[in-house]
Amino acid sequence: PLVTVGLGMCAGIGFIAPISAGREVGGRKAFPWYGFALSAVLFNLGQLIGDTASDIPHSPSAADVFFVAGYIALNLSALQLIRLRSHSRRRADVVDAMTVALIVGVVLWATVMGDLVTNPSIPESIRATSTAYFFLALTLFALTTRLAVGPGARSPSYYLIAASVAFVFLAELFHILNAVGVFRNDFATATAAGIYSLAAAGSLHSSRRQLTEPAEDELAATPTRRRLLLLGAALLVGPIAIVLGAD
(Lines give C-alpha, C1' and ligand atoms only; values in the text may rest on other atoms or scores of the structure.)
Protein backbone atom coordinates (compact mmCIF):
# COMPACT_ATOMS: atom_id res chain seq x y z
CA PRO A 1 0.00 0.00 0.00
CA LEU A 2 2.77 2.48 0.87
CA VAL A 3 4.48 1.81 -2.45
CA THR A 4 1.20 2.37 -4.29
CA VAL A 5 0.59 5.63 -2.44
CA GLY A 6 4.15 6.77 -3.15
CA LEU A 7 3.83 6.01 -6.86
CA GLY A 8 0.49 7.80 -6.92
CA MET A 9 2.06 10.91 -5.41
CA CYS A 10 4.93 10.78 -7.93
CA ALA A 11 2.43 10.36 -10.76
CA GLY A 12 0.42 13.31 -9.45
CA ILE A 13 3.50 15.53 -9.52
CA GLY A 14 4.37 14.08 -12.93
CA PHE A 15 0.93 15.21 -14.11
CA ILE A 16 0.73 18.68 -12.56
CA ALA A 17 4.25 19.83 -13.52
CA PRO A 18 3.90 19.22 -17.30
CA ILE A 19 0.45 20.83 -17.26
CA SER A 20 2.00 23.92 -15.70
CA ALA A 21 4.77 23.95 -18.33
CA GLY A 22 2.23 23.54 -21.12
CA ARG A 23 0.12 26.44 -19.87
CA GLU A 24 3.23 28.60 -19.75
CA VAL A 25 4.34 28.01 -23.35
CA GLY A 26 0.84 27.78 -24.85
CA GLY A 27 -0.22 27.01 -28.42
CA ARG A 28 1.31 24.12 -30.36
CA LYS A 29 4.28 24.09 -28.01
CA ALA A 30 2.02 22.98 -25.18
CA PHE A 31 1.05 19.72 -26.89
CA PRO A 32 4.15 17.70 -25.83
CA TRP A 33 3.77 18.83 -22.22
CA TYR A 34 0.11 17.88 -22.13
CA GLY A 35 1.05 14.54 -23.69
CA PHE A 36 3.57 13.91 -20.92
CA ALA A 37 0.92 14.74 -18.31
CA LEU A 38 -1.65 12.48 -19.95
CA SER A 39 0.79 9.57 -20.16
CA ALA A 40 1.60 9.94 -16.43
CA VAL A 41 -2.08 9.58 -15.57
CA LEU A 42 -2.63 6.67 -17.96
CA PHE A 43 0.44 4.76 -16.76
CA ASN A 44 -0.53 5.24 -13.13
CA LEU A 45 -4.10 4.08 -13.77
CA GLY A 46 -2.73 1.07 -15.62
CA GLN A 47 -0.43 0.32 -12.70
CA LEU A 48 -3.29 0.53 -10.18
CA ILE A 49 -5.56 -1.71 -12.23
CA GLY A 50 -2.75 -4.13 -13.02
CA ASP A 51 -1.82 -4.50 -9.34
CA THR A 52 -5.36 -5.55 -8.47
CA ALA A 53 -5.90 -7.72 -11.56
CA SER A 54 -2.85 -9.99 -11.51
CA ASP A 55 0.58 -10.43 -9.96
CA ILE A 56 1.99 -11.67 -13.28
CA PRO A 57 3.63 -8.95 -15.42
CA HIS A 58 1.98 -8.39 -18.80
CA SER A 59 -0.85 -10.74 -17.94
CA PRO A 60 -3.70 -9.43 -20.17
CA SER A 61 -6.18 -7.25 -18.27
CA ALA A 62 -8.05 -3.95 -18.49
CA ALA A 63 -4.79 -2.27 -17.48
CA ASP A 64 -3.44 -2.86 -20.99
CA VAL A 65 -5.85 -0.27 -22.38
CA PHE A 66 -4.28 2.42 -20.18
CA PHE A 67 -0.70 1.29 -20.73
CA VAL A 68 -1.09 1.24 -24.52
CA ALA A 69 -2.81 4.65 -24.45
CA GLY A 70 0.05 5.97 -22.32
CA TYR A 71 2.60 4.77 -24.86
CA ILE A 72 0.61 6.36 -27.68
CA ALA A 73 0.50 9.67 -25.80
CA LEU A 74 4.26 9.55 -25.19
CA ASN A 75 5.06 8.64 -28.79
CA LEU A 76 2.88 11.45 -30.13
CA SER A 77 4.49 13.90 -27.71
CA ALA A 78 7.97 12.88 -28.86
CA LEU A 79 6.90 13.21 -32.50
CA GLN A 80 5.55 16.71 -31.87
CA LEU A 81 8.79 17.68 -30.12
CA ILE A 82 10.73 16.57 -33.18
CA ARG A 83 8.57 18.77 -35.40
CA LEU A 84 8.83 21.76 -33.08
CA ARG A 85 12.61 21.58 -32.75
CA SER A 86 13.28 21.13 -36.47
CA HIS A 87 11.40 22.57 -39.45
CA SER A 88 13.04 20.22 -41.96
CA ARG A 89 12.57 16.47 -42.22
CA ARG A 90 16.29 15.67 -41.91
CA ARG A 91 16.08 12.19 -43.37
CA ALA A 92 19.68 11.44 -42.39
CA ASP A 93 18.76 11.88 -38.71
CA VAL A 94 15.81 9.53 -39.21
CA VAL A 95 18.18 6.93 -40.67
CA ASP A 96 20.52 7.35 -37.68
CA ALA A 97 17.66 6.89 -35.21
CA MET A 98 16.30 3.85 -37.03
CA THR A 99 19.77 2.32 -37.13
CA VAL A 100 20.25 2.71 -33.39
CA ALA A 101 16.75 1.32 -32.70
CA LEU A 102 17.47 -1.63 -35.00
CA ILE A 103 20.71 -2.45 -33.17
CA VAL A 104 19.07 -2.25 -29.73
CA GLY A 105 15.97 -4.13 -30.87
CA VAL A 106 17.83 -7.00 -32.48
CA VAL A 107 20.20 -7.44 -29.54
CA LEU A 108 17.32 -7.39 -27.02
CA TRP A 109 15.33 -9.82 -29.15
CA ALA A 110 18.29 -12.19 -29.36
CA THR A 111 19.04 -12.03 -25.63
CA VAL A 112 15.60 -11.66 -24.00
CA MET A 113 12.53 -11.56 -26.24
CA GLY A 114 13.47 -14.62 -28.26
CA ASP A 115 13.44 -16.78 -25.15
CA LEU A 116 10.13 -15.30 -24.03
CA VAL A 117 8.17 -15.80 -27.26
CA THR A 118 9.44 -19.36 -27.74
CA ASN A 119 9.01 -20.52 -24.14
CA PRO A 120 6.05 -22.93 -24.06
CA SER A 121 5.77 -22.63 -20.26
CA ILE A 122 4.71 -18.98 -20.60
CA PRO A 123 1.04 -18.52 -21.63
CA GLU A 124 0.53 -17.30 -25.19
CA SER A 125 -1.43 -14.29 -23.97
CA ILE A 126 1.52 -13.06 -21.90
CA ARG A 127 3.93 -13.68 -24.76
CA ALA A 128 1.69 -11.68 -27.10
CA THR A 129 1.26 -8.71 -24.77
CA SER A 130 4.96 -8.67 -23.89
CA THR A 131 5.83 -8.59 -27.60
CA ALA A 132 3.37 -5.74 -28.20
CA TYR A 133 4.82 -3.71 -25.34
CA PHE A 134 8.33 -4.40 -26.59
CA PHE A 135 7.58 -2.83 -29.97
CA LEU A 136 5.74 0.10 -28.38
CA ALA A 137 8.77 0.78 -26.19
CA LEU A 138 11.13 0.35 -29.14
CA THR A 139 9.13 2.90 -31.12
CA LEU A 140 9.46 5.34 -28.24
CA PHE A 141 13.19 4.61 -28.11
CA ALA A 142 13.52 5.33 -31.85
CA LEU A 143 11.68 8.66 -31.53
CA THR A 144 13.78 9.65 -28.53
CA THR A 145 16.94 8.78 -30.44
CA ARG A 146 15.70 10.95 -33.32
CA LEU A 147 15.42 13.81 -30.84
CA ALA A 148 18.92 13.11 -29.57
CA VAL A 149 20.59 13.16 -33.00
CA GLY A 150 18.51 16.09 -34.28
CA PRO A 151 18.97 19.83 -33.79
CA GLY A 152 17.77 21.87 -30.83
CA ALA A 153 18.97 23.13 -27.47
CA ARG A 154 20.48 20.59 -25.06
CA SER A 155 19.13 22.23 -21.92
CA PRO A 156 18.85 20.68 -18.45
CA SER A 157 15.12 20.23 -19.06
CA TYR A 158 15.94 18.32 -22.26
CA TYR A 159 18.22 15.89 -20.41
CA LEU A 160 15.74 15.38 -17.56
CA ILE A 161 12.88 14.58 -19.93
CA ALA A 162 15.17 12.31 -21.96
CA ALA A 163 16.15 10.49 -18.76
CA SER A 164 12.46 10.08 -17.87
CA VAL A 165 11.76 8.48 -21.25
CA ALA A 166 14.83 6.27 -20.83
CA PHE A 167 13.34 5.06 -17.53
CA VAL A 168 10.13 4.14 -19.40
CA PHE A 169 12.16 1.91 -21.69
CA LEU A 170 14.07 0.51 -18.72
CA ALA A 171 10.85 -0.20 -16.80
CA GLU A 172 9.47 -2.08 -19.78
CA LEU A 173 12.65 -4.11 -20.01
CA PHE A 174 12.36 -5.03 -16.31
CA HIS A 175 8.73 -6.06 -16.83
CA ILE A 176 9.80 -8.36 -19.66
CA LEU A 177 12.66 -9.80 -17.62
CA ASN A 178 10.22 -10.34 -14.76
CA ALA A 179 7.90 -12.21 -17.10
CA VAL A 180 10.68 -14.65 -17.96
CA GLY A 181 11.69 -14.96 -14.30
CA VAL A 182 14.97 -13.02 -14.36
CA PHE A 183 14.09 -10.09 -12.06
CA ARG A 184 11.53 -9.30 -9.42
CA ASN A 185 8.97 -6.57 -10.06
CA ASP A 186 10.61 -4.29 -7.48
CA PHE A 187 13.00 -3.04 -10.17
CA ALA A 188 10.12 -1.94 -12.39
CA THR A 189 8.47 -0.19 -9.44
CA ALA A 190 11.65 1.77 -8.68
CA THR A 191 12.03 2.84 -12.30
CA ALA A 192 8.37 3.92 -12.40
CA ALA A 193 9.06 6.39 -9.58
CA GLY A 194 12.04 7.65 -11.59
CA ILE A 195 9.84 8.23 -14.65
CA TYR A 196 7.45 10.56 -12.84
CA SER A 197 10.12 12.33 -10.77
CA LEU A 198 12.40 13.08 -13.74
CA ALA A 199 9.46 14.24 -15.88
CA ALA A 200 8.37 16.60 -13.11
CA ALA A 201 11.92 17.93 -12.67
CA GLY A 202 12.25 18.56 -16.40
CA SER A 203 8.87 20.30 -16.49
CA LEU A 204 9.71 22.59 -13.57
CA HIS A 205 13.27 23.48 -14.57
CA SER A 206 13.82 27.06 -15.67
CA SER A 207 15.08 25.87 -19.08
CA ARG A 208 11.78 24.16 -19.96
CA ARG A 209 10.90 26.77 -22.61
CA GLN A 210 13.98 25.82 -24.63
CA LEU A 211 12.74 22.26 -25.05
CA THR A 212 10.08 23.25 -27.59
CA GLU A 213 12.04 26.02 -29.31
CA PRO A 214 13.17 25.41 -32.92
CA ALA A 215 16.89 25.12 -33.60
CA GLU A 216 18.49 28.44 -34.50
CA ASP A 217 20.80 26.90 -37.10
CA GLU A 218 19.97 23.67 -38.93
CA LEU A 219 23.00 22.54 -40.87
CA ALA A 220 22.59 20.32 -43.89
CA ALA A 221 23.13 16.66 -43.07
CA THR A 222 26.46 15.29 -44.26
CA PRO A 223 28.18 11.94 -43.69
CA THR A 224 29.83 12.15 -40.28
CA ARG A 225 31.97 9.89 -38.13
CA ARG A 226 28.87 9.17 -36.02
CA ARG A 227 26.92 8.01 -39.05
CA LEU A 228 29.77 5.84 -40.29
CA LEU A 229 30.09 4.24 -36.84
CA LEU A 230 26.35 3.54 -36.78
CA LEU A 231 26.56 1.95 -40.22
CA GLY A 232 29.43 -0.25 -39.08
CA ALA A 233 27.49 -1.25 -35.96
CA ALA A 234 24.44 -2.10 -38.06
CA LEU A 235 26.54 -4.42 -40.21
CA LEU A 236 27.61 -6.27 -37.05
CA VAL A 237 24.06 -6.75 -35.76
CA GLY A 238 23.54 -10.03 -37.63
CA PRO A 239 26.67 -11.80 -36.37
CA ILE A 240 26.16 -10.46 -32.83
CA ALA A 241 22.56 -11.68 -32.77
CA ILE A 242 23.65 -15.13 -33.90
CA VAL A 243 26.31 -15.35 -31.18
CA LEU A 244 23.99 -14.04 -28.42
CA GLY A 245 21.15 -16.24 -29.51
CA ALA A 246 23.25 -19.39 -29.64
CA ASP A 247 22.59 -21.98 -26.93
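Scope of this entry: the structure provided in the associated data block. (Residues numbered from 1 in each chain as written. Predicted model: local features only at pLDDT ≥ 70, side-chain atom pairs only at ≥ 80, totals over all residues. Heavy atoms only, no water.)

This brings us to the nonpolar core. Core analysis: the biggest nonpolar cluster contains 40 residues, and W33 and Y71 have the highest contact counts within it. Taken together, the elements giving at least two residues each to this core come down to α1 (2–25), α2 (30–53), α3 (63–85), α4 (91–118), α5 (124–149), α6 (156–179) and α7 (186–204). The biggest single contributor to this core is α6, with nine residues. With near-sequence residues (within four places) excluded, Y71 lies in contact with F43, Y133, L136, A137, L140, V168 and E172. (Core = buried A, V, L, I, M, F, W, Y, C linked by side-chain atoms within 4.5 Å. Buried < 20%, exposed > 50% of the residue type's maximum accessible area, 1.4 Å probe, protein only. Helix = DSSP H or I, 4+ residues; strand = E, 2+ residues; numbered from the N terminus. Contact = heavy atoms within 4.5 Å.)

Interaxial distance between α4 and α5 falls to 9 Å at its minimum, and their mutual angle equals 155°. Classed by the angle they form, the pair α4 and α5 counts as roughly antiparallel. Every pair of crossing elements has a handedness; the one defined by α4 and α5 is right-handed. (Axes fitted to C-alpha atoms, helices over the stretch in contact; angles between N-to-C directions. Parallel < 35°, antiparallel > 145°, perpendicular 65-115°, else oblique. Left-handed = near helix turned anticlockwise from the far one by under 90°.)

Another aspect to go through is the packing of aromatic side chains. Summed over all chains, the structure comprises ten aromatic pairs. Ring plane angle 35° and centroid distance 6.2 Å describe the contact between F43 and F67, whose orientation is recorded as tilted. Separated by 24 residues along the polypeptide, F43 in helix α2 and F67 in helix α3 bring together distant segments of the chain. For the pair W109 and F135, a centre-to-centre distance of 6.0 Å together with 40° between the ring planes defines the contact as tilted. One end of the pair, W109, is in helix α4; the other, F135, is in helix α5, with 26 residues separating them in the sequence. (Phe/Tyr/Trp six-rings, centres within 6.5 Å; stacked < 30°, edge-to-face > 60°.)

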